[in-house]
Amino acid sequence: MTTTSFTPPAGDPWPEASVHPPEVPQPAPEHREPAGGPLFPEYPLPPAGPRGPASWTGRLRTLPARTLRGRADDPRWVRPALLALLAATAVLYLWGLSASGWANSFYSAAAQAGSQSWKAFFYGSSDAGNFITVDKPPLSLWPMALAARIFGLSSWSVLAPQALMAVATVATLYATVRRRFSPLGGLLAGAALALTPVAALMFRFNNPDALLVLLLTLAAYGLVRAIEAAGTRWLVFTGVMFGLAFLTKTLQAFLVLPAFALVYLVAAPTGLWRRVRQLLAAGVAMVVAGGWWVAIVELVPASARPYVGGSQDNSFLSLTFGYNGIGRLNGDETGSVGGGGRLPAGMEAPAGAGRGMGGWGETGITRLFDGDIGGQIAWLMPAALLLLLVGLWATRRHTRTDTARAAFLVWGGWLVCTALVFSFMSGIFHQYYTVALAPAVAALVGMGVDGLWRARHRLPYAAVLAGTLAVTAVWSYVLLGRSADFLPWLRWAVLVGGLTAAAALLLAGRLTAGLATVVGLVGLAAALGGPAAYAVDTVGTPHTGSIVTAGPAVQGGSSGPGGRGPRGAGGPGGGPFPVNGRVFVPGPGGPGAPGFPGGQSTANGQGAANGQGFPNAQDGQGTQDGRGGGMPQGGRDGRAPGGAPGTGQNGGAFEGAGGPGGFGGLLNGAKVSDEAAAALRQDADRYTWAAATSGSQNAASYQLASGEPVMALGGFNGTDPSLSLSAFQQYVKEGKVHWFIGGGSRRGGGAGAGGGAEETQTARIEEWVTSHYTARTVGGSTFYDLSRPPSS
């Protein structure tokens, strides 16, 4: 059986759409039901057209018709079904997109800066004055900045690129699965991805994860194509995708790299040493695609570029291998907010925290299934793991180069490698990271169901398919039970429908084609009902801030700062987490009151009991009406990030009039009044920065509200040594900064830096400003006019 693509002679013109791809007799995949043969039989690969520059004109001329018609061996319903899936994905992900406002203002401000300054565009600066960059490479910012340049800065122009990336990812996943499996498998994989709750969250958000997932899915497509015929060009394409993924979210892009390389080394149909040489060529392509920008940043003098945000020494390599690299695994993250899973010296985890408990939740093999993380991604994970085992078992006697087994190894390697790292990493971990698992889960489900459905007339395979569906239905019932107030009827409908369809599948061999189709649709509805409901809830709810989750509130949700309590006020918040040298344990609040760190509670918006301060509150003082220390802002529907359930909508609990948001503005920024924005615009063209303030989220809020550059002292956490006091004083003397906005500095270097043992540069700057300049309240914010002479 051939494993190479059909290629016409090199000089032949590109075939017209009516005969493309060239007709090659082969049975339609959906009719290839095994009758005692293998579950995934080999068959010829899709034909390919001519290669080389001479074919490009023909390719472009026939592209519209080929897009509408698809593969020649596809039934005519397949391409309309795919186009309908892509259109539905676009509608779902673009619907009400602007309700989330600036979403994560940290990245929105950087996109704004990139739309105003090409230097800020290149470096990924947080402001057009190019003081400091975001703590990631800039690739994910470029589509947003370009959209803002073309269409103007708005919530839509910032968020729409990610939504379109969702459509592209679904299309790429379909094409990858369809290379070896039937249209049913590809469509099911695409639908499962589109309805994954965390995908519905992150492809409507402006974090780098959306572009990362798209690039990794393209890498998987390139690898599958390379394995088919040992194609060097496709393997180099895969390397380029990995390099670009590195420029999106650094080392997270490489979690699946070892698995991909090993699969090619094992399965490619060519000699061993040629496989090795091809992998080396792909590695060179990856280094070039991902390293050119890094080389420029490292070679340009520090005085000629912005400070590398998130680093402690103004080095992108240090950021990559420290804070964004090894620190994420072992929890040693200097400058981190909240610390990692390994608590700093002298700090003990609270009683009852459990094994592996640290600043970002409990680690272990069940981490991705527990609490609110399960509702993000785990709906189909048991099915995906079962179907991975089925696929590997069914292809165990196939040849080394079998493309079906290679496909299972590609997606299975992606799932297992990423899931294991996420399960045991002790550093910063957020629920939305799990979007990186979504394509692998969806692909394994699509491929496995494809084979089992075509073999359903054989009782052993029908039993495996029925068992997988039953496990999925029961697991969905469990996950829906964690949000008991959310569509309570749905969990029973999913359970009854799934088990009924599973029982009927055992009789699939005796059912007519029509009845079997009905049973399959009922089972599909039961399997996707839970995640679809969560996805729709996610789409219908605005999401803002640094830490967001998909779906409704669930019981037991925790992941360090940002873990949410039950819907409404008064429930427990996130898990224990360290802040400024202390372990805080969210406690229960009274009616209408959030649970404060340290177990204290309040009522009616008053300060914490016994003067117990919030994290980062000055001198341990409590706050009232949100003014003063860093009370985490309230989240949607009464749920607040920062481990404390809030009240109100989008910044509810104790939201101050212009005061800093969560953790002193660290997580959610500030609410900026019209008066404050107008003050920043006053004579702004005379200054490089309209203002300076502590932390990137605070700075982003004022920058987006005014449209003027705002200096983010200390970067995201407010702890980066980005500017010394003497250097800031020189900026003020030269008239480069107009205002200083107070109230958000963090005195310590973060738990990862020793729990605040040393005062930060940002705190020194704020102390100097407050000692030498007169404060004035502008729209609820504290402003200091640096254009006036300082007092002695």
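Please read these numbers as outputs of a predicted model, since none were measured by experiment.

Caption draft 1: A look at the overall build of the protein. Scanning the protein from N- to C-terminus turns up 25 helices and nine strands. Within the span of the protein, comprising 792 residues, buried residues form 61% of the whole. Total accessible area on the protein is roughly 28,600 Å²; 62% of this is exposed by carbon and sulfur atoms.

Caption draft 2: Spatial organisation of the confidence of the model for the protein. Mean pLDDT over the protein stands at 80; residues scoring 70 or higher make up 74%. Scored below 50 in pLDDT, residues 1-34 makes 81 contacts in the model with residues more than four places away or belonging to other chains. Long-range and interchain partners of residues 749-757, a stretch whose pLDDT sits below 50, account for 26 contacts in this model, where long-range means more than four residues apart.

Caption draft 3: Focus on the side chain of Asn104. Position of Asn104 among the secondary structure elements: in the loop between helix H2 (78-94) and helix H3 (105-116). Judged by relative accessible area, Asn104 falls into the buried class, the value being 3%.

Caption draft 4: Molecular detail of the sheet that holds strand E8 (residues 775-778). With mixed pairing, five strands are arranged side by side in an open sheet as E6-E5-E7-E9-E8. Each edge of the open sheet is held by one strand with a lone partner, namely strand E6 (710-713) and E8. Ignoring strand direction, the axes of neighbouring strands in this sheet form an average angle of 35 degrees. Bridging between strand E5 (residues 689-694) and strand E7 (residues 737-741) involves four bridges; their strand directions are parallel. Directly across from Trp689, in E7, lies its bridge partner Val737.

Caption draft 5: Representation of the pattern of salt bridges within the structure. Enumeration over the complete set of coordinates arrives at 12 salt bridges. Of the charged contacts, one joins Asp73 and Arg178 as a salt bridge, the two residues approaching to 4.0 Å between their closest N and O atoms. With Asp73 in the loop between helix H1 (56-69) and H2 and Arg178 in helix H6 (residues 155-178), this pair connects stretches of sequence that are 105 residues apart. This pair shows no difference in class: Asp73 is buried, exactly as Arg178 is. For Lys736, the salt bridge identified is with Glu734, shortest N-O distance 3.3 Å. A single salt-bridge network, built from bridges that share partners, covers Arg71, Asp73, Asp74 and Arg178.

Caption draft 6: Examining the nonpolar core more closely. Counting 152 residues, the largest nonpolar core has Phe203, Phe260, Trp411 and Phe422 as its most contacted members. In terms of residue count, helix H9 (residues 209-229) provides more of this core than any other element does, 12 residues in total. Setting aside its immediate chain neighbours within four residues, Phe203 contacts Tyr93, Gln162, Ala163, Met165, Ala166, Thr169, Ala210, Val213 and Val435. Formed by 34 residues, the second largest nonpolar core is a distinct cluster that contains Ala676, Ala677, Ala712 and Trp768.

Caption draft 7: Region of the structure containing the packing of aromatic side chains. Taken as a whole and assessed by the stated rule, the structure comprises 36 aromatic pairs. Pairwise contacts between aromatic rings join Trp118, Phe121, Phe122, Tyr123, Trp142, Phe246, Phe254, Trp292, Trp293 and Phe316 into one cluster. Its end group placed over the ring of Phe429, Arg367 keeps NZ or CZ at 4.2 Å from the ring centre.

Caption draft 8: Spotlight on helix H20 (residues 513-539). Between its first and last C-alpha, H20 extends 36 Å over 27 residues, near the 39 Å set by a 1.5 Å rise per residue. In H20, a bend of some 45 degrees at Gly529 exceeds every other bend along the element, and Pro531, a proline, comes one to four places later.

Caption draft 9: Structural view of the packing of helix H11 (residues 257-267) against helix H16 (residues 403-424). Packing of H11 against H16 leaves a shortest axis separation of 9 Å and a crossing angle of 160 degrees. Classified by the angle their axes make, H11 and H16 are roughly antiparallel. Relative to H16, H11 is oriented so that their crossing is right-handed. Mapping the contact onto sequence places Ala259, Phe260, Val263 and Ala267 in H11 and Ala406, Leu409, Val410, Gly413, Trp414 and Cys417 in H16. Broken down by class, the residue content of the contact of H11 with H16 amounts to nine nonpolar, one polar and no charged.

Caption draft 10: Looking closely at unusual backbone geometry. Positive phi is not limited to glycine here, since Asn130 has a value of about 60 degrees. Along the chain, Asn130 turns up in the loop between helix H4 (118-123) and helix H5 (141-151). Its identity as a non-glycine residue notwithstanding, Leu487 has a phi of 45 degrees, on the positive side. The topology assignment puts Leu487 in the loop between helix H18 (459-481) and helix H19 (488-505).

Caption draft 11: View of the environment of Trp156. Within the secondary structure, Trp156 sits in helix H6. Sequence separation between Trp156 and Ser100 is 56 residues, and the spatial gap between their C-alpha atoms is 9.4 Å.

Caption draft 12: Layout of helix H7 (residues 183-194). With 12 residues, H7 should cover 16 Å at 1.5 Å per step; its first-to-last C-alpha distance of 16 Å lies within 8% of that length. The buried fraction of H7 is high, at 11 of 12 residues. For H7, the full list of buried residues reads Pro183, Gly185, Gly186, Leu187, Leu188, Ala189, Gly190, Ala191, Ala192, Leu193 and Ala194. Where H7 is buried, its residues meet H2, H6, helix H8 (197-202), helix H17 (438-454) and H20.

Caption draft 13: Just the packing of H16 against H17, in detail. One can describe the packing of H16 onto H17 by two numbers: an axis separation of 8 Å at closest approach and a directional angle of 145 degrees. H17 is crossed by H16, and the crossing has left-handed handedness. Of the residues in H17, those in contact with Ala407, Phe408, Trp411, Gly412, Trp414 and Leu415 of H16 are Pro439, Ala440, Val441, Ala443, Leu444, Met447 and Gly448. Tallied by class, the residues present in the contact of H16 with H17 amount to 11 nonpolar, two polar and no charged.

The rules behind each value
- Residues numbered from 1 in each chain as written.
- Predicted model: local features only at pLDDT ≥ 70, side-chain atom pairs only at ≥ 80, totals over all residues.
- Heavy atoms only, no water.
- Helix = DSSP H or I, 4+ residues; strand = E, 2+ residues; numbered from the N terminus.
- Buried < 20%, exposed > 50% of the residue type's maximum accessible area, 1.4 Å probe, protein only.
- Areas by Shrake-Rupley, 256 points an atom, 1.4 Å probe, with all protein chains shown as cover.
- pLDDT = per-residue confidence, 0-100.
- Contact = heavy atoms within 4.5 Å.
- Pairing = 2+ DSSP bridges.
- Axes fitted to C-alpha atoms, helices over the stretch in contact; angles between N-to-C directions.
- Salt bridge = Lys/Arg side-chain N within 4 Å of Asp/Glu carboxyl O.
- Core = buried A, V, L, I, M, F, W, Y, C linked by side-chain atoms within 4.5 Å.
- Phe/Tyr/Trp six-rings, centres within 6.5 Å; stacked < 30°, edge-to-face > 60°.
- Lys NZ or Arg CZ within 6 Å of the ring centre and 35° of its normal.
- Expected span 1.5 Å × (residues − 1).
- Bend = angle between axes of the 7 residues up to and from the residue.
- Parallel < 35°, antiparallel > 145°, perpendicular 65-115°, else oblique.
- Left-handed = near helix turned anticlockwise from the far one by under 90°.
- Nonpolar A, V, L, I, M, F, W, Y, C, P; charged D, E, K, R; others polar.

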